[in-house]
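Examining the three-dimensional arrangement
Now for the letters of each chain:
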Amino acid sequence: MTALDEIVHLADVPLDLQIELDRKTMTVRDVLKWETGSVIRLHRSAGENIDILVGGTQIGSGEIVIIEETVGVRITDFVEED
């Protein structure tokens, strides 16, 4: 029996997945100017590496990709446990 076979009963347990594209500091004045359709410029761009976290713990890395008009993450690596 493989490790995957042993935990298959957990396959439908929801996980809190977090992928943080960037952080930005703004003033309250700037936030109050936001309207539907406002764009917040970030310093990250397609191809840059980002962390993938589950429950606040990094489990892997990925890179930002643009697919048509959608932003996504291509998984590039998983964290190896020692």
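Structure shown above.
Residues numbered from 1 in each chain as written. Predicted model: local features only at pLDDT ≥ 70, side-chain atom pairs only at ≥ 80, totals over all residues. Heavy atoms only, no water.

What follows deals with a nonpolar patch on the surface. A surface patch of nonpolar side chains, amounting to about 810 Å² of accessible area, comprises Leu 17, Ile 19, Leu 21, Val 31, Trp 34, Ile 40, Leu 42, Ile 66, Val 71 and Val 73. Among the elements of the structure, strand E1 (17–19) and strand E4 (70–78) are those that each provide at least two residues to the nonpolar patch. By the secondary structure assignment, Ile 66 is in strand E3 (residues 57–67). A relative accessible area of 51% means that Ile 66 is categorised as exposed. (Patch = residues over 30% accessible without salt bridge, like charges linked within 9 Å, V, L, I, M, F, W, Y side chains within 5 Å. Areas by Shrake-Rupley, 256 points an atom, 1.4 Å probe, with all protein chains shown as cover. Salt bridge = Lys/Arg side-chain N within 4 Å of Asp/Glu carboxyl O. Helix = DSSP H or I, 4+ residues; strand = E, 2+ residues; numbered from the N terminus. Buried < 20%, exposed > 50% of the residue type's maximum accessible area, 1.4 Å probe, protein only.)

As a further point, take unusual backbone geometry. In the Ramachandran plot, Glu 68 falls in the positive-phi region, its phi being about 55 degrees despite a non-glycine side chain. Position of Glu 68 among the secondary structure elements: in the loop between E3 and E4.

What follows deals with the sheet that holds strand E2 (residues 49–54). Strand order in this open sheet of four strands is E1-E2-E3-E4, and the pairing throughout is antiparallel. Here the strands that pair on one side only, and so sit at the sheet edges, are E1 and E4. On average, each strand axis in the sheet is inclined to that of its neighbour by 35 degrees, with strand direction left out of account. (Pairing = 2+ DSSP bridges. Axes fitted to C-alpha atoms, helices over the stretch in contact; angles between N-to-C directions.)

Another point: the environment of Pro 14. Counting through the fold element by element, Pro 14 comes out in the loop between helix H1 (3–7) and E1. Sequence separation of Pro 14 and Val 65 is 51 residues, and the distance between their C-alpha atoms is 25 Å.

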